[in-house]
Amino acid sequence: MRRLQDRVAVITGAGSGIGLATARRFADEGAKVVCADIDEDAGAKAANDVGGLFVKADVTVEDDVVRMFATAHESYGSVDIAFNNAGISPPDDDSILETGLDAWRRVQEVNLTSVYLCCKHAIPYMRRQGKGSIINTASFVAVMGSATSQISYTASKGGVLAMSRELGVQFAREGIRVNALCPGPVNTPLLQELFAKDPERAQRRLVHVPVGRFAEASEIAAAVAFLASDDASFITASEFLVDGGISGAYVTPR
Ligand SMILES: NC(=O)c1ccc[n+]([C@@H]2O[C@H](COP(=O)([O-])OP(=O)(O)OC[C@H]3O[C@@H](n4cnc5c(N)ncnc54)[C@H](O)[C@@H]3O)[C@@H](O)[C@H]2O)c1
């Protein structure tokens, strides 16, 4: 499919995981991809992989975010798609009883303030074009509670979800769609480590997934490509769950 032929897409956190898989999928569908990441090696490698452009950016720094979209526009002539995806889930963000203010604030900055900055600076380009698709990465924990808590992470993703909904409503009549992507757990190095180190803890999560496994990053990327494309032309302000049925489940199959 070449649904994104010649569209210009900016992806944050493109150096790894969901961002990297999406950079590949966007490029396969014909997009010109700007890969932004704080990690220079990973970001540059991703850009090289997909024949795109690397911009070193810390998404918590407003000047970096401004430069990222300006570079996309100057290099390729438009900003059609913004996949605001960079995020962290550090180990010192845990139960509310254990999580200190520094850890709380850092996660809010990287996961939520970054999405505010990216939307703030992508939307003006899209308004001028009268067209654009923004996909902000939230999480299934924005709609469900977990007893294995990462309190600031969860709160940040709830913020991403509410902000995306509001922006989707505000800019709908200007041709700009804004959706919150809510992935379930994805099979990343971090999760694999958890499985290896603490199989019981991993199993405690897996039992809640009706399909019986975690997602592959490419499966999340497929959903992002759909939301970015005109196939999703009537979808905005949505909480787009790609969670293997987790949020719909009461009892799961054996
Ligand atoms: N992996 C999961 O199970 C899962 C589930 C639901 C939601 N998510 C969300 O999906 C997004 C991507 O997750 P992932 O698993 O692919 O993560 P990842 O750690 O594999 O990749 C994240 C990328 O973001 C970059 N990054 C981190 N801080 C940054 C900053 N300040 N500025 C610019 N880049 C920065 C990192 O260098 C890295 O390349 C995150 O928002 C995460 O919260 C992940």
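Residues numbered from 1 in each chain as written. Predicted model: local features only at pLDDT ≥ 70, side-chain atom pairs only at ≥ 80, totals over all residues. Heavy atoms only, no water.

Under an unreviewed UniProt entry, the chain has the name 3-oxoacyl-ACP reductase and belongs to Nonomuraea terrae. UniProt's Sequence similarities (unreviewed entry) comment on the chain is quoted here verbatim: "Belongs to the short-chain dehydrogenases/reductases (SDR) family." (UniProt positions renumbered as here; feature names shortened; annotations may be inferred.)

(A) Up close: the site of the ligand. Around the ligand, the surrounding shell holds 26 residues, and the nearest of these are S16, I18, D37, Y153 and V186. Within the backbone of A57, an N or O atom sits 3.4 Å from a nitrogen atom of the ligand. For the shell around the ligand, the secondary-structure elements that each account for two or more residues are α1 (17-28) and α5 (151-171). Residues belonging to the shell around the ligand are distributed by class as follows: 12 nonpolar, 10 polar and four charged. (Near = heavy atom within 4 Å. Polar contact = N/O pair within 3.5 Å; in protein donor to acceptor, adjacent residues only side chain to side chain. Helix = DSSP H or I, 4+ residues; strand = E, 2+ residues; numbered from the N terminus. Nonpolar A, V, L, I, M, F, W, Y, C, P; charged D, E, K, R; others polar.)

(B) A look at a negative patch on the surface. Where like charges cluster on the molecular surface, the negative patch consists of D92, D94, E98 and D102. Within the secondary structure layout, D102 lies in helix α4 (residues 101-129). For D102, a relative accessible area of 65% translates into the label exposed. (Patch = residues over 30% accessible without salt bridge, like charges linked within 9 Å, V, L, I, M, F, W, Y side chains within 5 Å. Areas by Shrake-Rupley, 256 points an atom, 1.4 Å probe, with all protein chains shown as cover. Salt bridge = Lys/Arg side-chain N within 4 Å of Asp/Glu carboxyl O. Lys, Arg positive; Asp, Glu negative; His and termini not counted. Charge placed at Lys NZ, Arg CZ, Asp CG, Glu CD. Buried < 20%, exposed > 50% of the residue type's maximum accessible area, 1.4 Å probe, protein only.)

(C) Fine view of the state of the cysteines. Taken as a whole and assessed by the stated rule, the structure comprises zero disulfides. Residue C35 stays outside any disulfide, its sulfur separated by 14 Å from that of C118, the closest cysteine. Here C182 stays unpaired: no disulfide links it, and the sulfur of C119, its closest cysteine neighbor, is 14 Å away. According to the relative accessible area criterion, C182 is buried, its value standing at 0%. (Disulfide = S-S within 2.5 Å.)

(D) Expanded view of the sheet that holds strand β5 (residues 132-137). Here seven strands make up an open sheet; going across it, the order is β3-β2-β1-β4-β5-β6-β7 and the pairing parallel. At either margin of the open sheet sits one strand with a lone partner, and together these are β3 (53-56) and β7 (239-242). Here the average twist between neighbouring strands, direction ignored, is 20 degrees. Of the pairings in the sheet, the one linking strand β4 (residues 81-84) to β5 comprises four bridges and is parallel in character. Bridge pairing in β5 links I81 to S133. Contacts from helix α2 (residues 40-49) reach β2 (32-37) and β3, with the element oriented near 160 degrees to β3. Each of β5, β6 (176-183) and β7 touches α5; the most contacted strand, β6, lies at about 160 degrees to it. (Pairing = 2+ DSSP bridges. Axes fitted to C-alpha atoms, helices over the stretch in contact; angles between N-to-C directions. Contact = heavy atoms within 4.5 Å.)

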